[in-house]
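Given next are the chains, with one letter for each unit.
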Amino acid sequence: MHAHEPKAMTDPHAGCGCHRPERREFFKKAATVFFGAAAILAPVGAAISVLLDPLRRNAKSGSFVRVASVNAVPNDGVPRKFAIVADRTDAWNKYPNTPVGAVYLRRSKDNQIEALNVVCPHAGGFVDYSAQSKCFLCPLHNSEFALDGSIRDPKSPSPRPMDTLKVEVRDGQIWVAFQNFRAGTREKIPA
Amino acid sequence: MTQNPDPSPKNSASANSPSAASGFGWIDWLDRRIGFRQLSHEALYENIPGGARWRYIWGSTLTFTFIIQIITGCVLWMAYSPSSQTAWESVFYIQNNMMGGWILRGIHHYVAQAMTILLVLHLMQVIMDGAYKAPREINYWFGLVLLVLVLALSLTGYLLPWDQKGYWATKVATNIAAITPIIGPGLQKVIIGGADYGHHTLTRFFALHAGIIPAMCVLLIAWHVALFRRHGITPKRPLRKPDATFWPDQLLMDTVACLAIIAAILVLVLVNHGAELGPPADPSENFSAARPEWYFLFLFQFLKYFPGGTEIFGAILIPSVIMLVLWLMPMIGRSVTGHRFNLGFLFALLIGATVLTYLAVREDQNRPDIIAAKSSARESAERLKALANSPEGIPPTGAITLLRNDPLSQGPKLFAKYCASCHRYDGHDGTGVKLKDTATASDLKGFGSREWLTGLLDPNQVSGAHYFGGTRFKNGRMVKFVTRKVRAFTPEQKTELTNVIAAVSAEAALKLQKQLDASSTAQIEQGVHSFKQGIGCAECHQFHSKETDTSGPDLTGWGSREWLVGMISNPKSIHYYAEDNDRMPSFADEKILDPQTIGLLADWLRGDWYEPAEAR
């Protein structure tokens, strides 16, 4: 038998030689849809729950991390890059003392230590320091930043200056409150 | 329902259709371009000669379970990490840390088992109803290929959690592949991605499980259903009722069946808290309870009847002949006798498989080694759950490291292996097994505690099997001291002895006695004094002094980790038994054990291991 044969194409009610009450037919259809939906509900629900599990995970950051000795920062105001070493949790793994990011440290004119997150606020690229032009340059979309992190070129794609981080000097050691911020926004919003 | 009740697809797309009038013109627009009305009409209004019947549900339930496997499998895929250091760990994370993860994994696990049952039922229905006969031979063969593919999915999926059970069971399966003549060894290497199990075994099995085999299944299922629709259903005669259509008559029965299946699966998931996850794969630890999934048990049992060198018959030749007969059934079934043969063969096969499965299960239920392996695996898995959720978490080297470095997990096994030939632990070998031989050295349960020392200094116990009874010190100075002098102690001396016990036991700094030690500092101080001045201990033992001419072991730091490690490492040292040492080997100096293993033993004897309550 072939599905395109006339018999298969005729009215479903005609073949059986009886006329089923429409109400019964409706209930049958409704029950089919209901049972089908009920059967798929639990697997789909569990799948969505696991799929959306990442929404429960929040970045924990903002606590002070020891970065370097004060002596390691050049006296002439040139920034130097330092790795941020902290404990990191990656799903099931826990890594003690592992690099989690980087900062630029420099001395300001009044000899204060300043810290900038290396991540470009535009799209999250890793900003380079250009010794030649004495500025920060993002290699991705050419955002340019001055040494204090402010936007140097008004046409710069970055919506805000580089992200400054809180710094504390304790016993000659520099501690930085390391944090990442959301890219692409004018405001500095913790990520 | 947007389904047009008009069964004629040609008319439904006309401009005068109700959907155009009611603002659903875009449906017509879409239909003119992709023709979904005709497609859905063909899908839904298939004629069912003789009306809907429960015996026709199997195909739909299989499609349903396959779709569930795709949905749950895709999300599991997003959280699974195939490598020998991350496979078990990622499954553990799905199971214990992701919201609803255990339910998702449980559904995937039990639906896989349901699919196998449904496949067998489908095959039975097809053969019994003669639905394999011309012109449906090729579709029947597609079904057989799908059966094999689903079994392959099950086999590959079993390894992915990389637990002891899956690891050892799959090893057996891939070793069987190696006995294939000529190509066997090469085939095995290709399957497992090298000479031995590792990262590439997982990446290959995963690619097969989540990519290649499912893709083949999707293609074959589509073709299988298309061919089924082309030839129509094979009605069970005589027809009992008037004809009906697939939608809603047959589909109602199908959805009821699907709902019943998923309900049963959910019960299994909830009762068993999802699918089991045993301890991680460990090539250095045997697992006697390694068994394939229950529906492969008949093959597993079958292999037991083939003596060495003839496995190829049980593993490859006979199963191949059975598959060949199944394959040829459409040809054999052309005559009435042939069809009867097919039915007989099918039932003989099912009965044989059932009997073999029963024998395999019964044998395992009565074997103490299997029961012990299962319970020890459950304990390890539970322990690992606690360790993995500890503040240190799972190290990058994998969860197996946690288990290998855990005194509670390793201590009993090490004690049974290296110490229990002489010592006992609470009367057993450390793992709970009571040994037939009597102990010839002390029972070390509670070593370092006040209780243990109190027993040692009890005149009625010191020369018993629990302490020095089986050793060369049975009639030594210590035993004589306890049985003669201690027996005759005055009440004041007895109090002094209690203080000494507190003082010496405090040296051990046992975790279990921490509070007791902290609350009795005065008593401990008095005990130190009594040890040195009073009741005669210092005649033989050193205790925080620099004399070296004493004959008994130095009790400074007695029972501490350092003391115990030193004792196990070299009991012949001047600080311990020196030349009086009985039979105890110098485990470090004779290179029997490495320092880490000795540390594990010492920690275990001292009851020093991670407890989840500490983290709170």
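Calculation notes
- Residues numbered from 1 in each chain as written.
- Chains lettered and ligands numbered in written order.
- Predicted model: local features only at pLDDT ≥ 70, side-chain atom pairs only at ≥ 80, totals over all residues.
- Helix = DSSP H or I, 4+ residues; strand = E, 2+ residues; numbered from the N terminus.
- Rg over C-alpha atoms; globule rule 2.2 N^0.38 Å.
- Buried ≥ 20, exposed ≤ 12 C-beta atoms within 10 Å, placed from the backbone.
- Contact = placed C-beta atoms within 7 Å.
- Domains from an automatic or database assignment.
- Pairing = 2+ DSSP bridges.
- Nonpolar A, V, L, I, M, F, W, Y, C, P; charged D, E, K, R; others polar.
- Core = buried A, V, L, I, M, F, W, Y, C linked by C-beta atoms within 7 Å.
- Axes fitted to C-alpha atoms, helices over the stretch in contact; angles between N-to-C directions.
- Parallel < 35°, antiparallel > 145°, perpendicular 65-115°, else oblique.
- Left-handed = near helix turned anticlockwise from the far one by under 90°.
- pLDDT = per-residue confidence, 0-100.

### Looking at the overall build of chain B
Regarding its fold elements, chain B presents 26 helices and 2 strands. In summary, chain B has a C-alpha radius of gyration of 35 Å against a globular reference of 25 Å for 616 residues, an excess of more than 25%. Residue burial in chain B is summarised as follows: out of 616 residues, 38% are buried. If you take every contact in chain B between residues at least 6 apart in sequence, the share linking residues at least 24 apart comes to 67%.

### A short note on the overall build of chain A
The helix and strand tally for chain A stands at 3 helices and 10 strands. Listing each helix as α and each strand as β along chain A from the N terminus yields α-α-α-β-β-β-β-β-β-β-β-β-β. Out of the 191 residues in chain A, the part that is buried amounts to 21%. Within chain A, counting contacts between residues at least 6 apart in sequence, those at least 24 apart form 48% of the total.

### Examining the domain arrangement of chain A
Each domain of chain A was delimited in the assignment, giving domain 1 (6-54) and domain 2 (64-177). For domain 1 of chain A and domain 2 of chain A, the distance between their C-alpha centres works out to 60 Å.

### A closer look at the sheet that holds strand E7 (residues 144-145) of chain A
One key point about sheets: their strands pair by backbone hydrogen bonds, in either a parallel or an antiparallel sense. Residue and element names in this part refer to chain A. Taking strand neighbours across the sheet as the criterion, the 3 strands line up as E5-E6-E7 in an open arrangement whose pairing is antiparallel. Taken across any chain shown, the strands that pair with only one partner, and hence form the sheet edges, are strand E5 (128-130) and E7. Of the pairings in the sheet, the one linking E5 to strand E6 (residues 135-137) comprises 3 bridges and is antiparallel in character. Bridge pairing links Asp128 to Leu137 in E6.

### Thoughts on helix H25 (residues 595-605) of chain B
Residues and elements named next belong to chain B. Taken together, the buried positions of H25 are Ile598, Leu600, Leu601, Ala602, Asp603, Trp604 and Leu605. In this structure, the buried side of H25 is in contact with helix H18 (407-419) and helix H24 (561-569). Note on H25: the residue one or two positions beyond its end, Gly607, has a positive phi of about 65 degrees.

### What about the interface of chain A and chain B?
Note on interface size: it is often stated as the accessible area lost on association of the parts. Facing the 37 residues of chain A at the interface are 46 residues of chain B. Contributing elements (two or more residues each) for the side of chain A that touches chain B: helix H1 (6-9), helix H2 (12-15), helix H3 (22-51) and strand E3 (93-107) of chain A. Split by residue class, the side of chain A that touches chain B holds 21 nonpolar, 9 polar and 7 charged.

### Re the nonpolar core
Counting residues in each nonpolar core, the largest one holds 93 residues, and the members touching the most others are Ile107(B) and Ala399(B). Ranked by the residues each element gives to this core, the list is headed by helix H7 (residues 101-128) of chain B, at 14 residues. Those residues within four positions of Ile107(B) in sequence are excluded, and the remaining contacts are Ala42(A), Pro43(A), Ala46(A), Ile68(B), Thr72(B), Ile265(B) and Val269(B). Counting residues in hydrophobic clusters, the runner-up holds 44 residues, among them Ala420(B), Leu444(B), Ala508(B) and Leu564(B).

### A word on the packing of helix H8 (residues 137-159) of chain B against helix H11 (residues 199-231) of chain B
Residues and elements named next belong to chain B. Contact geometry for H8 and H11: axes closest at 9 Å, N-to-C directions at 160 degrees. The angle between the axes of H8 and H11 places the two elements in the roughly antiparallel class. Crossing hand, H8 versus H11: left-handed. Residues of the contact of H8 with H11, tallied by class, amount to 18 nonpolar, 7 polar and no charged.

### Side note on the sheet that holds strand E2 (residues 80-90) of chain A
Residue and element names in this part refer to chain A. Taken in spatial order, the 4 strands of this open sheet run E2-E3-E4-E8, and their pairing is antiparallel. In this open sheet, the two edge strands, each paired with only one partner strand, are E2 and strand E8 (164-165). In the sheet, E3 pairs with strand E4 (residues 113-117) via 5 bridges, with the strands oriented antiparallel. Among the inter-strand pairings, Leu105 is bridged to a residue of E4, identified as Ala115.

### Brief notes about the confidence of the model for chain B
All names here are of chain B. For chain B, mean pLDDT is 91; residues scoring 70 or higher make up 95% of the total. Counting interchain partners and residues more than four positions distant, the pLDDT-below-50 stretch residues 1-16 has 23 contacts. Prediction confidence for the complex, expressed as pTM and ipTM, is 0.86 and 0.84 respectively.

### A few points about the pairing of strand E10 (residues 173-177) of chain A
Residues and elements named next belong to chain A. Only one face of E10 is buried: it carries Ile174 and Val176, and the other face, with Gln173, Trp175 and Ala177, is open. Bridging between strand E1 (residues 64-69) and E10 involves 5 bridges; their strand directions are antiparallel. Following the sheet pairing, Val65 is matched in E10 by Val176.

### What about the packing of H3(A) against helix H5 (residues 58-79) of chain B?
Packed helices, taken two at a time, are described by the angle their axes make and the gap between the axes. Where H3(A) contacts H5(B), the axes come no closer than 9 Å and their chain directions differ by 10 degrees. Taken as axis vectors, H3(A) and H5(B) run roughly parallel relative to one another. The segment H3(A) lies against H5(B), with Ala39(A), Pro43(A), Val44(A), Ala46(A), Ala47(A), Val50(A) and Leu51(A) engaging Phe64(B), Ile68(B), Ile71(B), Thr72(B), Val75(B), Met78(B) and Ala79(B). Among the residues making up the contact of H3(A) with H5(B), the classes are represented as 13 nonpolar, 1 polar and no charged.

### A look at the environment of Leu384(B)
Residues and elements named next belong to chain B. Residue position: Leu384 is located in helix H16 (residues 368-388). Exposure remark for Leu384: the 23 C-beta atoms within 10 Å place this residue in the buried category. Taking C-alpha positions, Leu384 is 59 Å from Arg334, a pair spaced 50 residues apart along the chain.

### Some thoughts on unusual backbone geometry
All names here are of chain B. Looking along the chain, the bond that leaves Ala134 and enters Pro135 is cis, with omega of 5 degrees. Mapped onto the elements of the fold, Pro135 is located in the loop between H7 and H8. Here Trp247 and Pro248 are connected by a cis peptide whose omega angle stands at 0 degrees. Assignment of secondary structure puts Pro248 in helix H12 (residues 246-271). One non-glycine residue, Ile182, lies in the positive phi region at around 65 degrees.

### What to know about the confidence of the model for chain A
For chain A, per-residue confidence averages 88 on the pLDDT scale, and residues scoring 70 or more make up 89% of the total. Between residues 1-15 of chain A, whose pLDDT stays under 50, and residues either more than four places distant or in other chains, the model counts 26 contacts.

### Points about the environment of Ala177(B)
Residue and element names in this part refer to chain B. Tracing the backbone shows Ala177 in helix H9 (residues 164-178). The class of Ala177 is partly exposed, set by 18 C-beta atoms lying within 10 Å. As a C-alpha pair, Ala177 and Pro368 span 191 residues in sequence and 30 Å in three-dimensional space.

### Quick word on the environment of Leu62(B)
Residues and elements named next belong to chain B. Along the chain, Leu62 turns up in helix H5. Through-space distance from the C-alpha of Leu62 to that of Ser376 is 37 Å; in sequence the pair is 314 residues apart. Those residues within four positions of Leu62 in sequence are excluded, and the remaining contacts are Met115, Leu118, Leu119 and His122.

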